[in-house]
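# Chains, contacts and geometry: an overview
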Amino acid sequence: MDVKALFLAGLFVTLGDMKAIVFYASLFPVFIAISALTLPDIAIILFVIVATVGGVKLAYAFTATKVVAISKGLGGGNQSRLASGTLIVGARVPI
């Protein structure tokens, strides 16, 4: 499969993360007086949201494509899958 297609698929999946959308939407009225919003305010808020949340998710998607490329370069066999699985489990273990 094409790396660009994988990158875009990962990007759109992470941008559609419903948990993040609900979290940010639930906190939004706490910080912003919704009744006082004007059209320029809404444009600025949308820009900030897309830049921050989208930027982080874009970094995740970019990193994932690099990991896939490195894994394929290493042969993509059981050793690389075992190493990545070990890293995922190790990241969860509390210190």
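Model, not experiment: these values are computed from the prediction.

Definitions and cut-offs
Residues numbered from 1 in each chain as written. Predicted model: local features only at pLDDT ≥ 70, side-chain atom pairs only at ≥ 80, totals over all residues. Heavy atoms only, no water. Patch = residues over 30% accessible without salt bridge, like charges linked within 9 Å, V, L, I, M, F, W, Y side chains within 5 Å. Areas by Shrake-Rupley, 256 points an atom, 1.4 Å probe, with all protein chains shown as cover. Salt bridge = Lys/Arg side-chain N within 4 Å of Asp/Glu carboxyl O. Helix = DSSP H or I, 4+ residues; strand = E, 2+ residues; numbered from the N terminus. pLDDT = per-residue confidence, 0-100.

### Comments concerning a nonpolar patch on the surface
Together, Phe23, Tyr24, Leu27, Val30 and Phe31 make up an exposed nonpolar region whose accessible area comes to about 560 Å². Turning to its location among the elements, Phe23 is positioned in helix H2 (residues 18-31).

### Let's talk about the environment of Gly55
Along the chain, the position of Gly55 falls in helix H3 (residues 39-73). As a C-alpha pair, Gly55 and Leu15 span 40 residues in sequence and 10.0 Å in three-dimensional space.

### Re the confidence of the model for the chain
Caution is warranted with low-pLDDT regions, since their predicted coordinates should not be read in detail. Across the chain, the average pLDDT comes to 77, with 86% of residues at or above 70. Confidence, read as mean pLDDT per element, is least for helix H4 (residues 78-92) in the chain (73) and greatest for H2 (80).

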